[in-house]
Amino acid sequence: MKNKRVPNRIKATLYPEGRIGIEAKWGFGCEVNSGGSVDQIYNQNDPEQISAAARYLHCGELDILEAIDNPEIVVETTTVIKTLRDVL
C-alpha cells in the first residue's frame, strides 16, 4: 500500500438548534479511494468533539474551526489516503 496526498474539501452547515454538520470529500476525480463523510458537532468549544471530527473526516482541527467560522465557504486542504497501486 502507498500513501497518496489528495485534495480534501470541508464544508460546515449551521443548524438553528445549535448543531453543526461538517462534510468532507476527498480524492476527487478518478482516485480509487475517493470518498467522503459527514459528522456532527454539538459544542464547537469542546476540543474532544473537534479532535474526534478531525480524525473521522481526515482533516485538521483548524480546518474544521475555519469551516465553522465561515460556513459560506468550502475549506480546501489535503489529506493522505492509502492506495493499492499508483493512480492518476
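Above: the structure in question.
Residues numbered from 1 in each chain as written. Predicted model: local features only at pLDDT ≥ 70, side-chain atom pairs only at ≥ 80, totals over all residues. Heavy atoms only, no water.

A few points about the nonpolar core
Here comes step 1: One finds Ile10, Ile22, Ile41, Ile64 and Ile68 to be the most contacted residues of the largest nonpolar core, which totals 18 residues.
Here comes step 2: Of all elements in the fold, only β1 (2–14), β2 (20–26), α1 (47–57), α2 (61–69) and β4 (75–83) reach the threshold of two or more residues within this core. (Core = buried A, V, L, I, M, F, W, Y, C linked by side-chain atoms within 4.5 Å. Buried < 20%, exposed > 50% of the residue type's maximum accessible area, 1.4 Å probe, protein only. Helix = DSSP H or I, 4+ residues; strand = E, 2+ residues; numbered from the N terminus.)

Concerning unusual backbone geometry
Here comes step 1: Not every positive phi belongs to a glycine, and His58 is a case in point at roughly 60°.
Here comes step 2: Structurally, His58 is set in the loop between α1 and α2.
Here comes step 3: Residue classification places His58 among the partly exposed residues on the basis of a relative accessible area of 37%.

What about the side chain of Thr77?
Here comes step 1: Relative to the elements of secondary structure, Thr77 occurs in strand β4.
Here comes step 2: At 3.4 Å, the side chain of Thr77 and the side chain of Asp63 are in polar contact.
Here comes step 3: Ignoring anything within four residues of it in the chain, the contact list for Thr77 reads Val6, Pro7, Asn8, Ile10 and Asp63. (Polar contact = N/O pair within 3.5 Å; in protein donor to acceptor, adjacent residues only side chain to side chain. Contact = heavy atoms within 4.5 Å.)

Regarding α2
Structural remark: α-helix, 3.6 residues per turn; residues separated by three or four positions point the same way.
Here comes step 1: All of the buried residues in α2 are Asp63, Ile64, Ala67 and Ile68. Buried residues along α2 cover an arc of 135° about the axis, so they all sit on one side. Facing away from the buried side of α2 by over 90 degrees, the exposed positions are Leu62 and Asp69. (Arc of directions from axis to C-beta.)

So, the pairing of β2
Note on strand geometry: in a regular strand, side chains alternate between the two faces of the sheet.
Here comes step 1: Among the 7 residues of β2, 5 are classified as buried, and the element is accordingly described as predominantly covered.
Here comes step 2: Pairing between β1 and β2: 7 bridges, direction antiparallel. Paired with Thr13 across the strands is Gly21, a residue of β2.
Here comes step 3: From the end of β1 to the start of β2, which pair antiparallel, there are 5 residues, and Gly18 there has a positive phi angle of about 100°. (Pairing = 2+ DSSP bridges.)

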